[in-house]
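Here is how the chains run, residue by residue.
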Amino acid sequence: MRTLLVIAIAGAAAQLVDGGIGMGFGATSTSLLLLLAGLGPAQASAVVHTAGVGTTLVSGLSHWHFNNVNWSVVLRLGVPGAIASFAGATVLSTISLEAATPVTSAILVLIGANLVWRFSRRQVRVHHTGQRHSTWFLGGLGLVGGFVDASGGGGWGPVTTSTLMGIGREEPRRIVGTVSASEFLVSLGATLGFAVGLWDDLTANAAAVGALLIGGMLTAPVAAWLVNRLNPVALGCMVGAAIVALNIDGVVPGTPAWVIIALLVIGAALSARAVYRLRRVTAVAIAEQQPSGREDLTSPLPHR
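Residues numbered from 1 in each chain as written. Predicted model: local features only at pLDDT ≥ 70, side-chain atom pairs only at ≥ 80, totals over all residues. Heavy atoms only, no water.

With respect to the environment of Val 196
Put simply, the rule is: Only runs of H or I of at least four residues qualify as helices and only runs of E of at least two qualify as strands under DSSP, and these elements are numbered from the N terminus. For each residue, the accessible area found with a 1.4 Å probe, counting protein chains only, is set against the maximum for its type, and the residue is called buried under 20%, exposed over 50%, and partly exposed in between.
Checked against the element boundaries, Val 196 lands in helix 8 (residues 172–197). Val 196 gets classed as exposed once you look at its relative accessible area, which sits at 63%. Remark: the alpha-carbon pair of Val 196 and Ala 89, spanning 107 residues in sequence, is separated by 9.1 Å.

Some words on the UniProt feature "transmembrane region" (unreviewed entry) in the protein
Cut-off, in case you're wondering: UniProt positions are given in the numbering used here, feature names are shortened, and annotations may be inferred rather than shown by experiment.
Listed under "transmembrane region" (unreviewed entry) in the UniProt record, and renumbered for this structure, are residues 43–61, 73–93, 99–117, 205–226, 233–252 and 258–276. Taken end to end, residues 258–276 is 100% helix and 0% strand, and its two terminal C-alpha atoms sit 27 Å from one another.

Let's talk about unusual backbone geometry
Phi at Asn 67 takes a positive value of approximately 60°, unusual for a residue other than glycine. Among the structural elements, Asn 67 can be located in the loop between helix 3 (41–65) and helix 4 (71–92). Accessibility expressed as a relative area gives 48% for Asn 67, which makes it partly exposed.

Considerations on a nonpolar patch on the surface
Formally: For patch building, the residue pool is restricted to those with more than 30% relative accessible area and no salt bridge; the joining distance is 9 Å between like charges and 5 Å between nonpolar side chains (Val, Leu, Ile, Met, Phe, Trp, Tyr). All accessible areas in this document rest on Shrake-Rupley with a 1.4 Å probe, and a residue is counted as covered only by the protein chains that are shown. One speaks of a salt bridge when a side-chain nitrogen belonging to Lys or Arg is within 4 Å of a carboxyl oxygen belonging to Asp or Glu.
A contiguous nonpolar patch, built from Leu 16, Val 222, Trp 225 and Leu 226 and spanning about 320 Å² of accessible area, is present on the exposed surface. Top element by residues in the nonpolar patch is helix 10 (residues 206–227). It accounts for three residues. Position of Leu 16 relative to the elements: it lies in helix 1 (residues 2–21).

Quick word on the packing of helix 7 (residues 156–167) against helix 8
Our working definition: Fitted lines through C-alpha atoms give the axes, limited to the stretch in contact for helices. The angle between two N-to-C directions lies from 0 to 180 degrees. Take the far helix as the reference: if the near one is turned anticlockwise from it by less than a right angle, the crossing is left-handed, and if turned clockwise, right-handed. What makes two residues a contact is simply this: any of their non-hydrogen atoms within 4.5 Å. Residues are sorted three ways: Asp, Glu, Lys and Arg are charged, Ala, Val, Leu, Ile, Met, Phe, Trp, Tyr, Cys and Pro are nonpolar, and all the rest, Gly among them, are polar.
In the contact formed by helix 7 and helix 8, the axes pass within 10 Å of each other and the chain directions differ by 145°. Crossing hand, helix 7 versus helix 8: right-handed. Contact with helix 7, carried on its side by Trp 156, Gly 157, Thr 160, Thr 161, Leu 164 and Met 165, involves Pro 172, Ile 175, Val 176, Val 179, Ser 182, Glu 183 and Val 186 of helix 8 and no other residues of that element. Counted by class, the contact of helix 7 with helix 8 contains eight nonpolar, four polar and one charged residues.

Some words on the pattern of salt bridges
Applying the stated criterion across every chain yields a total of two salt bridges. Between Glu 170 and Arg 174 there is a salt bridge; the shortest N-O distance is 3.5 Å. Per residue, the accessibility class of Glu 170 equals that of Arg 174, and both read buried. Across the pair Arg 173 and Glu 171 runs a salt bridge, and its minimum N-O distance is 3.9 Å.

Focus on the environment of Gly 145
Within the fold, Gly 145 resides in helix 6 (residues 135–152). The class for Gly 145 is buried, based on a relative accessible area of 0%. Sequence separation between Gly 145 and Gly 155 is ten residues, and the spatial gap between their C-alpha atoms is 6.5 Å. Once you skip the residues sitting within four places of it in the chain, Gly 145 turns out to touch Gly 155, Trp 156 and Val 159.

Comments concerning the nonpolar core
Counted only if it meets this: Nonpolar cores were defined as sets of buried Ala, Val, Leu, Ile, Met, Phe, Trp, Tyr and Cys residues, with membership established by side-chain atoms within 4.5 Å.
Within the largest apolar cluster, 23 residues are counted, with the highest numbers of intra-cluster contacts made by Leu 77, Leu 164, Met 165, Leu 235 and Val 239. A per-element tally of this core places helix 11 (residues 232–251) first, with five residues. Ile 7, Ala 8, Val 209 and Ala 211 belong to the second largest nonpolar core, which has 15 residues in total.

Section: the side chain of Thr 219
The cut-off we apply is this: N or O atoms within 3.5 Å of each other form a polar contact, as long as, within protein, one can give a hydrogen and the other can take it, and as long as residues adjacent in sequence are counted only when both atoms are side-chain atoms.
Looking at where Thr 219 falls in the secondary structure, it is placed in helix 10. Residue Thr 219 is classed as buried on the basis of its relative accessible area, which comes to 15%. A polar contact of 2.7 Å, which involves the side chain of Thr 219, links it to the backbone oxygen of Ala 12. In this view, Thr 219 contacts Ala 12, Gln 15 and Leu 16; residues no more than four positions away in its chain are not counted.

Printed below as a string of structure tokens:
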């Protein structure tokens, strides 16, 4: 019972992070199940994705309520993602793709570092530019993200959120909401794939599925509300820092916890600095556009 309570609390925290920055539920929850429940990579991924069907549904509806979802992108991104996640789950049910983990993690660490750099220096657009992503681009991104997510126990958010933020055609909150909504389709596809090869393992760990589901569903609406209150620059910096922190262990196995915490603290500090600089520049621009409200006493009086 204590283990299930810890899993539920971790699921709540993971969904709060995932719904707020567009990533983290899969990686966090999978790591926890590997540690506490003694499950193998395939079994842990199966449990997380099964619970994710419910948590991502609530998360997507919550983001839709707060107008954080671009539905035209959801289907073009999520449907290919669901197909690839089904394939990834089927593959993981029979073999392990651990050899690919260092390469994938290294790529994501570089992407995350680039996001932190660009957002902290305000070298990205934080508002919608009006340009649409092509269907081919979103389909390819969905295929890669869905396969990595199912086969690695997480990765949909780091792959898709980081890529879309790097391009900068949508506000960060809309990217987070759209990725969260499309993740429902990815989780559904992965669950169907795991059900084919790991049905007995899923039923045996139904209690863990329920604990993750309840915890995640409780905090999903809170995360959707919170993302509307975050500064776009701060959100972009936090996303980048989270990508680096979540994947650094895949590049350097056995990375101490204090290093991961330090990376998150550095990301938070850069985020705060970028927001402060942006507010100063905005305040100066507004002051220059407004009249001073004072008369020039040295100018001559008009003739009457």
